[in-house]
Number of protein chains: 2
Amino acid sequence: MEKTIAVLPGDGIGPEVTRAAVKVLKLIARRYQHEFNFSYGLIGGAAIDALDSPFPKETADACGTADAVLLGAVGGPKWDNNPSELRPEKGLLAIRKHFGLFANLRPVKAVPALLSASPLKEEKAAGVDLMIVRELTGGLYFGEKARTADDAYDTLVYSREEISRIVEQAFELARVRRGKVTSVDKANVLESSRLWREVVEEKKAAYPDVTVEHQLVDSCAMKLITDPSAFDVVVTENMFGDILSDEASVITGSLGMLPSASIRTDGFGLYEPVHGSGPDIAGKGIANPAAAILSAAMMLRYSFGMETEAAAIEEAVQTVLEDGCRTADLAEAGGRSLTTEEWTDKVIEQLDAEAVSEDIMFSYM
Amino acid sequence: MEKTIAVLPGDGIGPEVTRAAVKVLKLIARRYQHEFNFSYGLIGGAAIDALDSPFPKETADACGTADAVLLGAVGGPKWDNNPSELRPEKGLLAIRKHFGLFANLRPVKAVPALLSASPLKEEKAAGVDLMIVRELTGGLYFGEKARTADDAYDTLVYSREEISRIVEQAFELARVRRGKVTSVDKANVLESSRLWREVVEEKKAAYPDVTVEHQLVDSCAMKLITDPSAFDVVVTENMFGDILSDEASVITGSLGMLPSASIRTDGFGLYEPVHGSGPDIAGKGIANPAAAILSAAMMLRYSFGMETEAAAIEEAVQTVLEDGCRTADLAEAGGRSLTTEEWTDKVIEQLDAEAVSEDIMFSYM
Ligand SMILES: [Mg+2]
Ligand SMILES: [Mg+2]
């Protein structure tokens, strides 16, 4: 397959971790006979400095002609006092809005080798493998809002269509995962949640292979701690998803390793690490590139339909961690830590090793 | 002091645990020369059965002439299919609304003897001692809401005055605790949160002895897991408080032991365990009365200003648990469990022992 990938390195450690992910993608292209063309654009602080906008037209155009976008991270102290429109974070909001990326996918998967870093007891965190599907372009954050002298209000509004498309995404994802959807709402109190629940009930008929449960948001916030491995796909509206996805991100102790995707229905999507731009370690070559590399794997799976290739990357990352290879953020006291480049090369070696063992299997068949 | 306490046992294990709490309150009255008068009323399913309403006028009247209300629990399978207005839970909403109880206090304190039951690593859960102060009568749950064929909306609205009174409560509580308030909002997105933050900033001048920090709700949901002992008083609006207080309730592993209060500014308040009515164990005399007893302690502290008496109860409960006395829900495998009454008597013995050692101290002074 031939695919064009727009790479937006952004700020801080963004350039270092996207470089690592691109290196892995190039290896994947070679091994699996794909052609990946990379185009580069500016976003965030880097774009503000060069083009006076956190999401300039040049970048929008480059992304618009690509099949998917890989983003590093944005932000840093240099721009912290900028006016609201010239903040790096606005670049993220702008790109999601510009491309109508309404579904935010946040997988959280326990890495056995890293469970000691979880705030949860290891037996609670082990086996966690969930995906939060958050509606990203509607709800309370985008509804009508206003302020009078003594009052302020925000409006949580959803249309049947907005709910339908995100719920369908969740069902489709569950179908290729463990076949379970937990729909989270506050239907005992909110009108918007009652509509949400109604749409889920309507949609489920088309997915007889998927089990559906409804859970109230407060109860879900508890269960993410007491029994996180009970979840497969969790689908919810924007604000609940904001809170729950951040809560879920810390339960396995691998926050710095988490990838994310923001997609729409036609396969186009934006892939980026959950972590920030790490200004304190930027430029030192010691950032952990795992989240960016795993975001690239999500791109292969969700935008290009390359399941085998995505799984190969995920397996290689897991193996390298199990072998005890660590960047500084994860190194045990006294243990040697690898640079970003060294760690990436371990992943690449591992991918090569996996490929070799496949070749051997073939030659014996 | 003479005080009248309205007792609303409610459903399921409610009568058993309130009986235990009343027994402890009677001992406190005797030992500290108070006079507590107890009046009894129906609420929830029991009130539906007898008087066709989950919060009948008779109960409202009895509570209205009392200084505080002690409630057990409401609900059970018997009423699960009732129409919405005849659901036991409506009784809770009705009593809070009837008396304008706008401040919900949810303390979470680690019990060293129970840390093994926490989903968190013991070193994370140890030392947790926080209080979530949730606005209970405004916000998204009570704002204008409606439904059209294809849309639904809810409105999150707050007035400056609604925010002021709950924020003042939080500052007053922090003053007699560890002097720190974390105000939780989503001020980077919501107008109502920006007003909230403004009011907190205005109010803090009057409390120079209290440290204030602002935290975004998604970040707070993470920190409650990664660093829960960093919190003292957390104040937030209704919906965020709903989610965060339930999340916080599970971190120490003592969910069944948690008390709560719903108060207003004049000292009148409703005190109830966080746990439910436990229909599966109701009537067996094995329910854990700790949450009800600790709710009674909160009543002494917040409605009657009896700090010494409240602290004596809390200390006795802690000691009894440390001595290994457990009801069935907390008993270790193979360990003997006490009945509700036996466990309550242990607390009473302990209160007597504390009193005796005080008497001895006095006699030596
Ligand atoms: Mg967030
Ligand atoms: Mg709740």
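Residues numbered from 1 in each chain as written. Chains lettered and ligands numbered in written order. Predicted model: local features only at pLDDT ≥ 70, side-chain atom pairs only at ≥ 80, totals over all residues. Heavy atoms only, no water.

### What about the packing of helix H8 (residues 217-226) of chain A against helix H9 (residues 238-249) of chain B?
Reasoning step 1: Across the interface, H8(A) lies against H9(B) with an axial gap of 8 Å and an inter-helix angle of 30°. By the angle class used here, H8(A) and H9(B) are roughly parallel. Two packed elements cross with a definite hand, and for H8(A) against H9(B) that hand is right-handed. Between H8(A) and H9(B), the contacting residues are A:Val217, A:Asp218, A:Ala221, A:Met222 and A:Ile225 on the first element and B:Asp242, B:Ile243, B:Asp246, B:Glu247 and B:Ser249 on the second. (Axes fitted to C-alpha atoms, helices over the stretch in contact; angles between N-to-C directions. Helix = DSSP H or I, 4+ residues; strand = E, 2+ residues; numbered from the N terminus. Parallel < 35°, antiparallel > 145°, perpendicular 65-115°, else oblique. Left-handed = near helix turned anticlockwise from the far one by under 90°. Contact = heavy atoms within 4.5 Å.)

### With respect to the coordination of the magnesium ion (ligand 2)
Reasoning step 1: Bound to the magnesium ion (ligand 2) on the protein side are A:Asp218 (OD), B:Asp242 (OD) and B:Asp246 (OD), at distances that span 2.1 to 2.3 Å. Of this pair, B:Asp242 and B:Asp246 are both found in helix H9, four residues apart, which corresponds to roughly one turn of the helix.
Reasoning step 2: B:Asp246 sits in the buried class, given a relative accessible area of 12%. (Donors = N, O, S within 2.8 Å, 3.2 Å for Na, K, Ca; no water. Buried < 20%, exposed > 50% of the residue type's maximum accessible area, 1.4 Å probe, protein only.)

### Description of helix H4 (residues 88-98) of chain A
For an α-helix, 3.6 residues make a turn, and residues three or four places apart therefore share a direction.
Residue and element names in this part refer to chain A.
Reasoning step 1: Taken residue by residue, H4 has Pro88, Gly91, Leu92, Ile95 and Arg96 as its buried positions. Projected down its long axis, H4 carries its buried residues within an arc of 125°, all on one side.
Reasoning step 2: Two residues or fewer past H4, Gly100 is found with a positive phi of approximately 60°. (Arc of directions from axis to C-beta.)

### Looking at the UniProt feature "domain: Isopropylmalate dehydrogenase-like" (unreviewed entry) in chain A
Reasoning step 1: The UniProt feature table records "domain: Isopropylmalate dehydrogenase-like" (unreviewed entry) at residues 4-347 of chain A.
Reasoning step 2: As annotated, residues 4-347 of chain A comprises 40% helix and 21% strand, and the C-alpha atoms at either end are separated by 23 Å. (UniProt positions renumbered as here; feature names shortened; annotations may be inferred.)

### Digging into the relation of the copies chain A and chain B
The operation relating the two chain copies consists of a rotation about an axis and a shift along that axis.
Reasoning step 1: Under the fitted operation, chain A is carried onto chain B by 0.0 Å of movement along the axis and a turn of 180°, and the coordinates agree to an RMSD of 0.0 Å. Considering both components of the superposition, the chain copies are consistent with a two-fold axis. Among all residues of chain A, the one whose C-alpha sits closest to the rotation axis is A:Leu120, at a distance of 2.0 Å.
Reasoning step 2: Mapped onto chain B, 100% of the interface residues of chain A again fall at the interface, so both copies present the same surface. (Least-squares fit on C-alpha atoms with pLDDT ≥ 70 in both.)

### Things to note about helix H7 (residues 191-203) of chain A
Reasoning step 1: Here H7(A) contains 13 residues, and its C-alpha end-to-end distance of 19 Å stays within 8% of the 18 Å for a straight helix at 1.5 Å per residue.
Reasoning step 2: Listed in full, the buried residues belonging to H7(A) are A:Glu191, A:Ser192, A:Ser193, A:Leu195, A:Trp196, A:Val199 and A:Val200. (Expected span 1.5 Å × (residues − 1).)

### Re the environment of B:Lys284
Reasoning step 1: Note that B:Lys284 resides in the loop between strand S12 (269-273) and helix H10 (290-302).
Reasoning step 2: Spatially, the C-alpha atoms of B:Lys284 and B:Ile13 are 8.6 Å apart, while their sequence positions differ by 271 residues.

### As for the sheet that holds strand S4 (residues 103-109) of chain A
By definition, the strands of a sheet pair up through backbone hydrogen bonds, in either a parallel or an antiparallel sense.
Residues and elements named next belong to chain A.
Reasoning step 1: Read across the sheet, ten strands follow the order S2-S1-S3-S12-S11-S4-S5-S10-S8-S9 without closing on themselves; strand pairing throughout is mixed. Two strands in the sheet have a free side with no partner beyond their single neighbour: strand S2 (35-40) and strand S9 (211-216). For this sheet the average axis-to-axis angle between neighbouring strands, irrespective of direction, equals 25°.
Reasoning step 2: As defined by bridge partners, strand S11 (residues 259-263) adjoins strand S12 (residues 269-273) across five bridges and the pair is classed as antiparallel. (Pairing = 2+ DSSP bridges.)

### Some details on the nonpolar core
Reasoning step 1: Ranked by size, the top nonpolar core spans 202 residues in total, and within it A:Met239, A:Trp343, B:Met239 and B:Trp343 carry the most contacts.
Reasoning step 2: Excluding its chain neighbours within four sequence positions, the residues that come into contact with A:Trp343 are A:Pro289, A:Ala290, A:Ile293, A:Val317, A:Val320, A:Leu321, A:Cys325, A:Arg326, A:Thr327 and A:Leu338. (Core = buried A, V, L, I, M, F, W, Y, C linked by side-chain atoms within 4.5 Å.)

### Points about the interface of chain A and chain B
When the parts come together, some accessible area is lost, and that loss is often what is quoted as the size of the interface.
Reasoning step 1: Across the boundary between the two partners, chain A contributes 49 residues, which contact 49 residues of chain B.
Reasoning step 2: When the two sides are added together, the surface that chain A and chain B hide from each other amounts to roughly 4,100 Å², 64% of it contributed by carbon and sulfur.
Reasoning step 3: For the chain A face of the interface with chain B, the top three residues by lost area are A:Lys121, A:Arg147 and A:Ile243, together amounting to 15%.
Reasoning step 4: Applying the counting criterion to the chain A and chain B interface returns six salt bridges.
Reasoning step 5: The shortest N-O distance in the salt bridge between B:Arg160 and A:Asp150 comes to 3.3 Å. (Buried area = accessible area lost by both parts, 1.4 Å probe. Salt bridge = Lys/Arg side-chain N within 4 Å of Asp/Glu carboxyl O.)

### Here we look at the coordination of the magnesium ion (ligand 1)
Reasoning step 1: The coordination sphere of the magnesium ion (ligand 1) contains the protein donors A:Asp242 (OD), A:Asp246 (OD) and B:Asp218 (OD), at a distance range of 2.1 to 2.3 Å. One end of the pair, A:Asp242, is in helix H9 (residues 238-249); the other, B:Asp218, is in helix H8 (residues 217-226), on a second chain.
Reasoning step 2: Judged by its relative accessible area of 5%, A:Asp242 is buried.
Reasoning step 3: Owing to a relative accessible area of 10%, B:Asp218 belongs among the buried residues under this scheme.

### Some remarks on the sheet that holds strand S11 (residues 259-263) of chain B
Residue and element names in this part refer to chain B.
Reasoning step 1: Sheet architecture is open: ten strands sit in the order S2-S1-S3-S12-S11-S4-S5-S10-S8-S9, paired in mixed fashion. Of all the strands in the sheet, the pair left with one neighbour each is strand S2 (35-40) and strand S9 (211-216). Put simply, the sheet's adjacent strands are angled 25° from each other on average, direction ignored.
Reasoning step 2: Of the pairings in the sheet, the one linking strand S1 (residues 2-10) to strand S3 (residues 68-73) comprises five bridges and is parallel in character. Looking at S3, one finds that Leu8 is bridged to Leu71.
Reasoning step 3: Of the strands in this sheet, strand S4 (103-109), strand S5 (129-135), strand S8 (180-185), S9, strand S10 (233-236) and S11 touch helix H6 (residues 160-175), which is tilted by about 165° from S5.
Reasoning step 4: Along the sheet, H8 makes contact with S5, S8 and S9, crossing S9 at roughly 105°.

### Overview of the pattern of salt bridges
Reasoning step 1: Enumeration according to the criterion identifies 62 salt bridges over all chains in this entry.
Reasoning step 2: Counted as one network, the salt bridges with shared partners bring together A:Arg147, A:Asp150, B:Arg160, B:Glu198 and B:Glu202.

### Digging into the domain arrangement of chain A
Residues and elements named next belong to chain A.
Reasoning step 1: Segmentation of chain A into domains returns domain 1 (1-102 + 264-365) and domain 2 (106-256).
Reasoning step 2: Here the C-alpha centroids of domain 1 and domain 2 sit 24 Å apart.
Reasoning step 3: Each partner contributes residues to the interface: domain 1 has 16 residues there, and domain 2 has 17 residues.
Reasoning step 4: For the pair domain 1 and domain 2, the summed buried area comes to about 1,500 Å², and 68% of that belongs to carbon and sulfur atoms.
Reasoning step 5: Taken together, the connections running from domain 1 to domain 2 amount to zero salt bridges.
Reasoning step 6: For the side of domain 1 that touches domain 2, the secondary structure elements donating two or more residues are helix H10 (290-302) and helix H11 (307-322).
Reasoning step 7: Tallied by class, the residues present in the side of domain 1 that touches domain 2 amount to eight nonpolar, four polar and four charged. (Domains from an automatic or database assignment. Nonpolar A, V, L, I, M, F, W, Y, C, P; charged D, E, K, R; others polar.)

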